[in-house]
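Okay, here's what each chain looks like letter by letter:
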Amino acid sequence: MRPVDFFIVGQPKSGTTALSSFLDEHPGIRMAVPKEPGYLAPDLRAESITVHGDASRLTVRDEREYEACFAGATSSELLGDASTWYLYSTEAAQTVRRHNPQARIVAMLRDPVEMIASLHRQYLNETTEDIRDLASAIAAEPARAQGTTVPARAAVPSLLQYRARGHYGKQLQRWVDAFGRDALLVVLTSELRDSPEHTYRAVVQHIGADSTHRPAFRAVHEATQPRSRLLNRVARSRAITAPTKALLGQRRYTALQKRVVEPALMEPARRAPIDRELARALRDHLRPHVEEASAIVGRDLVKEWWTE
């Protein structure tokens, strides 16, 4: 297949969906559908296949399906993949390099304490997490690493290692090692929120697209919760999703989820504050990783995120 030109590699819950949607409005860019193929993270794909016995939990199962994510793209359009698995994956950076050594990389970062709390809420909404209390879910990480207390619906159990998802330093370093620092653009969530036009322009210039286009900037992901936990769990069961996806195909299934299913299942929710003691413990654990990321990015992220 034709190589993908640029990758938004993470983090989850950090603005990647908003950025991807803005880029998808650009006449010279074709973003993957669905947004997160995850195809170039072989370690996480192998984990899912090992745990579940087949590739049924994977969004994209083979190269043919990956190529189909960009169906209809013209030769003049840049191809973009916005899979947040890639930053966490230990193998994605080198795999992407083999796929396209000239690829441009964008990483979006958010205060990792906020990211972890938001990610836990998302997994609850998606029914891939079954421990409702964040502190308890974090306490379960050692057992889950040994393969116990893992929800059956978790496609990739290691993604529930919440604290490891916040080890930004080593994650960024893998991409620097693979592509060099100049190929990596790091964007903070707050920058896209507070200065969307300036941030968007920096991204399109980094990936080599025309920077004169201006999308319709808007909020894309707000906090949500299920209208009914029971209905949400039933609707997201494989008994429902697997035959629906097989019938419609990935592209139409994704459109149905986005336009009909998610609005029907979810409602706006207030972001609950993180317990202060838990937040303090997470900051203590994550501080050295944020310091490592600061050295790569060239700005004091500890100060920016955690100075009260």
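In this report, the structure presented in the accompanying data block is examined. Nothing here was measured: the structure is a model prediction, and the numbers come from that model. (Residues numbered from 1 in each chain as written. Predicted model: local features only at pLDDT ≥ 70, side-chain atom pairs only at ≥ 80, totals over all residues. Heavy atoms only, no water.)

Details of the overall build of the protein chain
Inference 1: Scanning the protein chain from N- to C-terminus turns up 17 helices and 7 strands.
Inference 2: Taken over the C-alpha trace, the protein chain has a radius of gyration of 19 Å; the compact-globule value for 308 residues is 19 Å, and the two agree within 12%.
Inference 3: On the principal axes, the C-alpha backbone points of the protein chain span a range of 50 × 45 × 35 Å.
Inference 4: The buried share of the protein chain, taken over its 308 residues, is 48%. (Helix = DSSP H or I, 4+ residues; strand = E, 2+ residues; numbered from the N terminus. Rg over C-alpha atoms; globule rule 2.2 N^0.38 Å. Buried < 20%, exposed > 50% of the residue type's maximum accessible area, 1.4 Å probe, protein only.)

Comments concerning the pairing of strand β3 (residues 78-81)
Inference 1: Residues Leu78 and Gly80 point to one face of β3 and Leu79 and Asp81 to the other, with burial holding for every one of them.
Inference 2: As judged from the 2 bridges shared by strand β1 (residues 6-8) and β3, these two strands associate in the parallel manner. For Phe7, the partnering residue across the bridge sits in β3 and is Asp81.
Inference 3: Two strands pair when backbone bridges link them, and strand β2 (residues 29-31) and β3 are joined in this way by 3 bridges, in the parallel orientation. Bridging from a neighbouring strand, Met31 pairs with Gly80 of β3. (Pairing = 2+ DSSP bridges.)

Overview of the sheet that holds β2
Sheet strands pair by backbone hydrogen bonding; their relative direction is either parallel or antiparallel.
Inference 1: Taken together, 5 strands build an open sheet; the order of strands is β2-β3-β1-β4-β5 and the sheet is parallel. Unpaired on one side and paired on the other, β2 and β5 (184-188) mark the two borders of the sheet. Averaged over all pairs of adjacent strands, the angle between their axes in this sheet comes to 20 degrees, without regard to strand direction.
Inference 2: Bridge analysis of β1 against strand β4 (residues 104-109) gives 3 bridges, and the strand direction is parallel. Bridge assignment links Phe6 to a residue of β4, and that residue is Arg104.
Inference 3: The sheet contacts of helix α10 (residues 168-179) involve β4 and β5, and relative to β4 the element is tilted by about 170 degrees. (Axes fitted to C-alpha atoms, helices over the stretch in contact; angles between N-to-C directions. Contact = heavy atoms within 4.5 Å.)

Concerning unusual backbone geometry
Inference 1: The step from Gly10 to Gln11 runs through a cis peptide bond, and the omega angle for that step is -10 degrees.
Inference 2: Mapping Gln11 onto the fold places it in the loop between β1 and α1 (16-24).
Inference 3: Across the junction of Val33 and Pro34, the peptide omega takes the value 5 degrees, indicating a cis bond.
Inference 4: Considering the arrangement of structural elements, one finds Pro34 in the loop between β2 and α2 (42-52).
Inference 5: Within the chain, Lys13 stands out as a residue other than glycine whose phi angle is a positive 55 degrees.
Inference 6: Phi angles above zero are rare outside glycine, and Thr149 is one such case at about 55 degrees.
Inference 7: With respect to the helices and strands, Thr149 occurs in the loop between α8 (141-145) and α9 (162-165).

A look at the pairing of β4
Inference 1: Within β4, 5 of the 6 residues are buried, leaving the element largely enclosed by the surrounding structure.
Inference 2: Relative to β5, β4 runs parallel, the two sharing 5 bridges. Looking at β5, one finds that Ile105 is bridged to Leu184.

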